[in-house]
Structure formats: structure tokens, C-alpha cells
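Structural overview
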Amino acid sequence: METIVEKSLEDIFEEKIASEIRIEPKDWMPEKYRKTLVRQISQHAHSEIVGMLPEGNWITRAPSLKRKAILLAKVQDEAGHGLYLYSAAETLGTSRDQMFEDLLSGKAKYSSIFNYPTLSWADVGAIGWLVDGAAIMNQVPLCRTSYGPYARAMVRVCKEESFHQRQGFEIMMTLCNGSEEQKEMAQEAFNRWWWPTLMMFGPKDEESPNTEQSMRWKIKRFTNDELRQRFVDMMVPQAEFLGLTVPDKDLKWNEAKGGYDFGAIDWNEFWNVVKGNGPCNKDRLKARNKAQEEGAWVREAAMAYAEKAATREKKSA
Amino acid sequence: MMDHHTQPAHVLHELQFKTPLQEYSPEVRQLVFDYTLQLADTSLILSHRLAEWCGHGPILEQDMAMTNISLDLLGEARNLYQYAAELEGKGHTEDDLAYLRDAVAYKNPLLVEQPNGNFGDTVLRQFIFDTFHYFFLKELQNSTDHRLAAIAEKSLKEASYHIKWSSEWVIRLGDGTEESKKRMEAAIDELWTYSGELFEATPTEKALQELDIIPDYTSIKAEWDKHVAQVLQEATLALPQDQWMQSGGKYGRHSEHLGYILSDLQYLQRTYPGQKW
Amino acid sequence: MNKKEWPLWEVFIRSKQGLDHKHVGSIHAADAEMAILNARDVYTRRMEGVSIWVVESSHIHASNPEEAGSFFDPANDKVYRHPTFYVVPAEIKNM
Ligand SMILES: [Fe+2]
Ligand SMILES: [Fe+2]
């Protein structure tokens, strides 16, 4: 006979993680796991929402009706992604209002990439191709993340993402096969977006304090540097195909590691943008705050109407 | 390769109308062309206005709702422009028609080019239009012009959703808080004057009505009056008195707003003429 | 922002006629009518559904995960509830 040992909640939790069993909202979980998740999921949600702004800029200026429809549907998808993710975070007991408040006050972070401006139509192509490409690379492993609602939201997100990168690539390809002016437009946009995109994977592993714990809890599946390397290896041949020059003089194939060596990332720039000093940090927060403030009366009115209608129904019942 | 389920429906639905062109005399063909263009302009400009909300709505869920309506209208506009281009027979594309005509050539009614204002203004503009659009498409489905009938049939499904969305919101905001009621009253003051033009037939429209190609507006106006009165009553909003109605858009005499819309819309095509995007 | 947030609703979608409604996620809405429209706008943009149910999240009562053992394990040894538990001679078809 085995002696029955009372297992601690923590042991049960760790066992589930070890055997790849998803954690669900009502399951016991360590407070720190919960906090890490709320932070990561809400940051992710904020990135989707703020990310609508730089591309949204171009919906009214898209150069053809087809591009306009695609871009509109794409930016709308990002709103959906934000929404799925906020919902996933809400299952952990934090309200969307609370998360919004943290975003709007500047307390919460979102992906720094969206603090760069979109200056030409080629930026829309570059964002779809590079930024969504990097996002997908980050997101695919998250479909297996240990928290159930997050993993399920990510499955939905990844399914929808698959056309985002392609439409971006298609824009770039059209420009690269177009006039001299269009080719220049594409190269110029590529030059501006390449490095900030590499920063999207986050700081170097040595400087990423949360990575180790997140890997152990299987919230994260790969380190920042692993994903960054994969991304470079994937994108360089695509850039070559387009006839674009990667703006990195140190880029070269390393036979031994079977991947590219690439130049040093300007981490000063990264941290500076994270701190709020990017070219568009202020504009982005202003736009989100404005939408939230100007929508307040609408949200209140709908609630007031719903309450009135409910009382009327009760009375007539 | 690309899995169809991952494509947005709006992108998949390209070039779906393959009915061959009907035999028309050159005069009638010109009339149908002009009118199709007018419908296309109307849907495009309203779609454009709604798209301006993308990323700035009062709550995420409504951001998505407005984008959906915008995409529906854009899809409708494209179907119409494609048809117009075929009728014209000069080798123009939908984009040539949308991107290379100036404001005076645009024939949309004034209502749809009015600025978004606050969410209440947008809801009311949409409500005035959706109600018209819905009852109009119901009739246009029976057009003797097969293509217009097919486009109407497809768009009617979307318009049925639009009228539901905007009617519900008029009621909610009218009967919501004191503030929301005030805002809706202000929106009515501002926008009612543009409702009449929807039912005002230009010589082109009159000619097509006589040919039974497009519906008469009398019964549509009656349905519109009825629905609008019902919704406003439920919204506890007063039905406006008869008043001066602005018009001119259908003749190309627009408000100053349209020029700005077109300078955004057409900027790339104008700056880099003749290129592929 | 200190005002009341719209309640949360759980969304269930029937992906095609003949199948069950399946939980797909949640949305915020002020009332049930709006919840259905919002669910449509958020969760059926790619022809994912033919019917929608929404239910206010606060109305859902769930079993307690800590009782999962006592709730669900007792079914483990009731193999006789499954058809494969029984031996049917090879000559007998269609059973
Ligand atoms: Fe996304
Ligand atoms: Fe995306």
C-alpha cells in the first residue's frame, strides 16, 4: 500500500505544468504566475490596440479600393485580437477597465514598435511583412502556453494573423516590381522598420529578468534571442527575393551555426522608446485617451438604457 | 497554402458578379452608368467616413461594428464601380472611377459626406441612411437590370444588419442619459436637413424610374417615414417638423467636406499616376 | 472611467447546422441585444457561425476544480457503460 501524502496546491500546479496540462481560470495558481500572466497578456492586448493606430492612419489613403478593404479588415482584426486577449486576462480577475486605465495612464507597456510613425504607403507593407511577421513568430509558440484561455485566444489570433503578413509582403512585392519611385519607397521603409522589428523580440536573454521563470512555467516557450535569430534567418532570403538590401553591414551567413550573424542592436534606442521617448509615444497615448474620454458618454448611456429597460421589463412581468 | 478560412470574407468576395451586360440603347446605357456611379459614390463615401473611426471608437466592440459596416459598404461600392466600368466600356477600372474623378463628378447625396462628429452624430447619419438603403435595396432587387438586382440582393443582407445596428443605437442613446439625449437632439438638428435629398429624384433617376429600371421613391419614403417615426418614438426623441432640405450632392454640388475626403482618398493615385499598388 | 463597465458575456456559436453551440470567447455589452450583435461582429467575421448564444458571465455557475476528483474520477471504473466492454461474436453484424 502506498501512503497517501497530502499534496500541496503548489505541487499539483507544478505537476500540471510539468505534464503539459493547461491551467484553467478557477484552478489554484501561484500569485506570481497570475501576476506574470496578467502583465504579459494585457501588454499583448495593449499592443494590438495601439498597433491599430500607425496602420489605421493609412486606411483613408490606401491607393486602391482592394487595398483599402484589406487594410481595413486587417486593422479590424487587430481590434479583435486586443479584445480576445483582454477577455483572456479578465478570466484572471482583472477588469478591462482596469487594464485600460493602466494603459492610458502610461503605467502599462505595449510593444515599442508602435511608437514609430508610418510615413509612406510602403510602411503599411513593411509593417505587415516585418512587424506581423515578428508577431507571428512570437505568437505561434504561445498557442501552447500553459494558461488555457491565453492559449485559446492565441489560437484564434494566429489563425487570423496568417493573412496579415502575406498582405504586407504582397504590398512590398508590388512596390519592388513597380517604378523606381516605388522601389525607393519600399527600401526606405525597410530601412526604417528593420531594426525596430528586431527589437520587438525584447532585450537580450541576459537582460530579460522574467524569461527564466516564464520558461519554467511554460508561459514562454523560447527565449528572446532564439526567436530573434529565427526571424532574421527567415527574413533575409525574403528581402533578397524582393531585391531589398538589409540595412546591416555586418550581416553575414555563418555556416557553422547555420544562421546569419547580424550587427549590434541599438539597445539605447530600445530603452529610450520603452521609457516613453519614441517619436510617437505621446501621440499614441493621446489618441487612446481621446477615444476613451469621448466614448464615455456613449458607454454610460448604453448602460443607463439597459438598466431602464430591465426595470421596465420587471414591472411589466 | 492560403486557407480560405483565414481570409476575410470581404477580400474573398472579389468580382463575384459575372452576369453578362444587358442590351441597352446608348442613351439608356448612359443613364444606368450615371446612376450606378451615383450609388457607388454614395457607398464609398459613407464607407470612408465610417473607416475614419477605426481605432478611435467608444469601445472596442463598436469599433469592430463600424468597421464591419464600412467594409460592407466598400464591398457594395466596388461591385457597383465594376459594373459602371463595364457599362462605360472604355477600359477603366473600379479604381479609375473612384480615384480619378474630382468632387464635382462625384454624385453622392450630401448626407454621406458629413463629418463623423461624435458617435451620436455618426449613429444618426447612419440611421437616416440605413433606413433608406434597406427599403431601397428591397425594391432594387426587383430591378429589370439583372446586375443591379443581384448587387441589391447581396447588399440587402448587409443592410438588414445595418438598420438593426443603427436603430438600436438611436434608441439607446435617445433614451439613455440626459447627456446622450441632448447629443441626439443636436445630431437631429444638424443632420435632418440632409435626409430629403435621398428621396429627391434627379432627371437621371426619373428617367430610370419611368423605364422601371429603378424603383419609385414614393413608397420607399413612406416606409422610411414609418420606421423612423417608430424608432424615434421608442428613443423618446421628437420627430422633426417639416423643414428646409439641403440638396445638390446628386448634381455634383457638394459641401466643402468632400474635397478633403477626396484629397485623402486619391492622394497616392494622384501623386504617382498610372502605377500599380 | 469610474463609471460602471459594461458586463461581460460569454459567447457560444453553432458553426454549422446540426452541430452544438461551442464556447468561443467573450465580449462586453450593455444588454442582450447588443451582446448578440457584438458577438456577431467579433466572432463571425470569417463565416464561423450560423447561430449565436450569449449569456452574461455572472450567470454561469461552474463546478469547483478542487472537487474534480470526487466529481469525475468515480466514472473511471464504470467500464460497463462503454460498448467496447462487451464481447460480440464476429458472426453478429451491426450491433
Ligand atoms: Fe494581431
Ligand atoms: Fe496582425
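Residues numbered from 1 in each chain as written. Chains lettered and ligands numbered in written order. Predicted model: local features only at pLDDT ≥ 70, side-chain atom pairs only at ≥ 80, totals over all residues. Heavy atoms only, no water.

For chain C, an unreviewed UniProt entry supplies the name 1,2-phenylacetyl-CoA epoxidase subunit B and the organism Pontibacter mangrovi.

Quick word on the overall build of chain C
Counting its regular elements, chain C contains two helices and three strands. For chain C, the succession of helices and strands along the chain, N to C, is β-β-α-β-α. Relative to a compact globule of 95 residues, whose C-alpha radius of gyration would be 12 Å, chain C shows 21 Å and is clearly more extended. If you line up chain C on its principal axes, its C-alpha atoms span 70 × 35 × 15 Å. Out of the 95 residues in chain C, the part that is buried amounts to 29%. The long-range fraction of contacts in chain C, counting pairs at least 24 apart against all pairs at least 6 apart in sequence, stands at 42%. Of the accessible surface of chain C, which amounts to about 6,500 Å², a share of 57% is contributed by carbon and sulfur atoms. Put simply, chain C has 11 plus and 13 minus side-chain charges, and the middle of one group is 7 Å from the middle of the other. (Helix = DSSP H or I, 4+ residues; strand = E, 2+ residues; numbered from the N terminus. Rg over C-alpha atoms; globule rule 2.2 N^0.38 Å. Buried < 20%, exposed > 50% of the residue type's maximum accessible area, 1.4 Å probe, protein only. Contact = heavy atoms within 4.5 Å. Areas by Shrake-Rupley, 256 points an atom, 1.4 Å probe, with all protein chains shown as cover. Lys, Arg positive; Asp, Glu negative; His and termini not counted. Charge placed at Lys NZ, Arg CZ, Asp CG, Glu CD.)

Here we look at the state of the cysteines
All names here are of chain A. Tallying each qualifying case throughout the model produces zero disulfides over all chains. Of the cysteine sulfurs around Cys158, a residue in no disulfide, the closest is that of Cys143, at 3.4 Å. Given the relative accessible area of 16%, Cys158 is considered buried. (Disulfide = S-S within 2.5 Å.)

Here's the deal with the interface of chain B and chain A
Facing the 54 residues of chain B at the interface are 51 residues of chain A. Around 4,700 Å² of area is buried between chain B and chain A when both sides are counted, 68% of it from carbon and sulfur atoms. Broken down residue by residue, the surface that chain B buries against chain A is led by B:Leu60, B:Met64 and B:Trp277, which jointly contribute 16%. Notably, a salt bridge pairs B:Asp175 with A:Lys308, separated by 3.0 Å at the nearest N-O pair. Where chain B meets chain A, there are 18 residue pairs in polar contact (both at pLDDT 80 or more). Elements with a minimum of two residues in the side of chain B that touches chain A: helix H2 (26-51), helix H3 (60-88), helix H4 (94-99), helix H5 (119-140), helix H6 (146-174), helix H7 (178-191), helix H10 (257-265) and helix H11 (267-271) of chain B. The biggest single contributor to the side of chain B that touches chain A is H3(B), with 11 residues. Within the side of chain B that touches chain A, the residues separate by chemical class into 25 nonpolar, 15 polar and 14 charged. (Buried area = accessible area lost by both parts, 1.4 Å probe. Salt bridge = Lys/Arg side-chain N within 4 Å of Asp/Glu carboxyl O. Polar contact = N/O pair within 3.5 Å; in protein donor to acceptor, adjacent residues only side chain to side chain. Nonpolar A, V, L, I, M, F, W, Y, C, P; charged D, E, K, R; others polar.)

Description of the interface of chain C and chain A
Counting residues at the interface gives 21 residues for chain C, matched by 26 residues for chain A. Each partner contributes to the roughly 2,100 Å² buried at the junction of chain C and chain A, and carbon and sulfur atoms together form 54% of this total. Between chain C and chain A we count five salt bridges in total. The salt bridge partner of A:Asp77 is C:Arg45, with a shortest N-O separation of 2.5 Å. The interface formed by chain C and chain A holds 10 residue pairs in polar contact (both at pLDDT 80 or more) in total. Per-element accounting of the side of chain C that touches chain A gives the leading share, four residues, to strand E2 (residues 21-28) of chain C.

Focus: the coordination of the iron ion (ligand 2)
Protein ligation of the iron ion (ligand 2) involves A:Glu78 (OE), A:Asp132 (OD), A:Glu161 (OE), A:Glu161 (OE) and A:His164 (ND1), the donor distances falling in the range 2.0 to 2.5 Å. As a motif over one chain, the donors of the iron ion (ligand 2) read E-x53-D-x28-E-x2-H. (Donors = N, O, S within 2.8 Å, 3.2 Å for Na, K, Ca; no water.)

Things to note about the coordination of the iron ion (ligand 1)
Residues and elements named next belong to chain A. At 2.0 to 2.2 Å from the iron ion (ligand 1) lie its protein donor atoms, namely Glu48 (OE), Glu78 (OE), His81 (ND1) and Glu161 (OE). What the four donor atoms of the iron ion (ligand 1) show is an angle range of 81 to 164° at the metal, which sorts the shape as irregular. In primary sequence terms, the donor set of the iron ion (ligand 1) follows E-x29-E-x2-H-x79-E. Separating the iron ion (ligand 1) from the iron ion (ligand 2) is a distance of 3.3 Å, and Glu78 supplies a donor atom to each of them. In this pair, Glu78 is assigned in helix H4 (residues 65-90) and Glu161 in helix H7 (residues 148-176), connecting sequence segments 83 residues apart. For the pair Glu78 and Glu161, one class covers both residues: buried. (Tetrahedral: all angles 85-135°; square planar, octahedral: opposite > 155°, others 65-115°.)

Remarks on the packing of helix H6 (residues 121-139) of chain A against helix H8 (residues 180-199) of chain A
Residue and element names in this part refer to chain A. Axis separation between H6 and H8 bottoms out at 9 Å; the angle between their running directions is 35°. Considering only the axes of H6 and H8, their crossing is right-handed. Across the interface between the two elements, Trp121, Ala122, Asp123, Ala126, Ile127, Trp129, Leu130, Val131 and Ala134 from H6 touch Met185, Ala186, Ala189, Phe190, Arg192, Trp193, Trp194 and Thr197 from H8. Taken together, the residues that form the contact of H6 with H8 break down as 14 nonpolar, one polar and two charged. (Axes fitted to C-alpha atoms, helices over the stretch in contact; angles between N-to-C directions. Left-handed = near helix turned anticlockwise from the far one by under 90°.)

Points about the pattern of salt bridges
All names here are of chain A. What the rule picks out here adds up to 38 salt bridges over all chains. Residues Asp27 and Lys16 are paired through a salt bridge, measuring 3.4 Å at the closest nitrogen-oxygen approach. With Asp27 in the loop between helix H1 (9-18) and helix H2 (31-50) and Lys16 in helix H1, this pair connects stretches of sequence that are 11 residues apart. Between Asp123 and Arg192 there is a salt bridge, with the nearest N and O atoms lying 2.7 Å from each other.

With respect to unusual backbone geometry
Notably, A:Glu20 is not glycine yet its phi reads approximately 60°, a positive angle. When you line up the elements, A:Glu20 lands in the loop between H1 and H2. Accessibility expressed as a relative area gives 38% for A:Glu20, which makes it partly exposed. Located in the positive-phi region is B:Asp212, a residue other than glycine, with phi close to 65°.

Describing a nonpolar patch on the surface
Residues C:Val79, C:Tyr80, C:Phe85 and C:Tyr86 make up a contiguous nonpolar surface patch of roughly 410 Å² in combined accessible area. Tracing the sequence through the fold places C:Val79 in the segment after helix H2 (68-72). (Patch = residues over 30% accessible without salt bridge, like charges linked within 9 Å, V, L, I, M, F, W, Y side chains within 5 Å.)

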